[in-house]
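Fold and contact review
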Amino acid sequence: MSAINVVPTRSAHQRGDRPRLRAVPESRVAEIRAISSAPSARRRRAAQLAEDPAMRRRPVVRARVREEAAARPAALQVVRRVVLAVVAVAVAGGLGAGAGLLAQPDPYAGPTHVHSVAAGESLWGLADQVNSQRPLEQVVLDIQELNGMDGSDAVLTPGTELVLPGQ
């Protein structure tokens, strides 16, 4: 392999010509080897195994797990994981529904009285007038439930008779 070096001559430089080129002799920079002689991970591992007997040992637990995994088909493992996921979702959903049912307060079952709605009264105002230990929001829900009202049609008109909880 040849390298080319640009060496300007004085005469060319003085005349304004382009510099002349001359060939430089080849120098040995690096040694080129065949790829088969290059170290590889496989060869290094083989050399380590040959030198140190401890490199041949494998943990017993890891070997047992590998044997068990090899004995089970891969499809069975996938089916098992899918079934476990479905069961986990079902259990979580059941627990959530059960917690929701337990968190609901009991419906009002105490004494009641009838009240005629006057102009300007609201469900919240009527619920505030009820002497009860229950939270105000729950008393409003009790009034709606006792009178068959939804949350959307809770508009009161004067003269309407409402059943209110007594306590």
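For clarity, every value in this text was computed on a predicted model and none was experimentally measured.

A word on the overall build of the protein. Scanning the protein for helices and strands turns up six helices and four strands. Seen in sequence order, the protein has helices and strands lined up from the N terminus as β-α-β-α-α-α-β-α-α-β. Summed over its atoms, the accessible surface of the protein is roughly 13800 Å², and 58% of this surface lies on carbon and sulfur atoms.

A side chain of one charge can pair with a side chain of the opposite charge when the charged atoms of the two come close. Tallied over the full model, the rule gives one salt bridge. Salt-bridge contacts for Asp-142 lead to Arg-134; the nearest nitrogen and oxygen are separated by 3.5 Å.

The next point concerns a nonpolar patch on the surface. Together, Val-79, Val-83, Val-87, Val-91 and Leu-95 line one region of the surface with nonpolar side chains, adding up to about 450 Å² of accessible area. Tracing the backbone through its elements, the reader meets Val-87 in helix α4 (residues 74–103).

What follows is about helix α6 (residues 136–146). What α6 keeps buried is the set Gln-138, Val-139, Val-140, Asp-142, Ile-143 and Gln-144. The secondary structure elements touched by the buried residues of α6 are α5 (123–129) and β4 (161–165). Of the residues flanking the end of α6, it is Gly-148, one or two places downstream, whose phi is positive at about 65 degrees.

All right, on to the side chain of Asp-142 then. As for its placement among the helices and strands, Asp-142 is situated in helix α6. In this view, Asp-142 contacts Tyr-108, Arg-134 and Pro-165; residues no more than four positions away in its chain are not counted.

Cut-offs and rules
- Residues numbered from 1 in each chain as written.
- Predicted model: local features only at pLDDT ≥ 70, side-chain atom pairs only at ≥ 80, totals over all residues.
- Heavy atoms only, no water.
- Helix = DSSP H or I, 4+ residues; strand = E, 2+ residues; numbered from the N terminus.
- Areas by Shrake-Rupley, 256 points an atom, 1.4 Å probe, with all protein chains shown as cover.
- Salt bridge = Lys/Arg side-chain N within 4 Å of Asp/Glu carboxyl O.
- Patch = residues over 30% accessible without salt bridge, like charges linked within 9 Å, V, L, I, M, F, W, Y side chains within 5 Å.
- Buried < 20%, exposed > 50% of the residue type's maximum accessible area, 1.4 Å probe, protein only.
- Contact = heavy atoms within 4.5 Å.

Coordinates in, geometry out; function isn't part of it.
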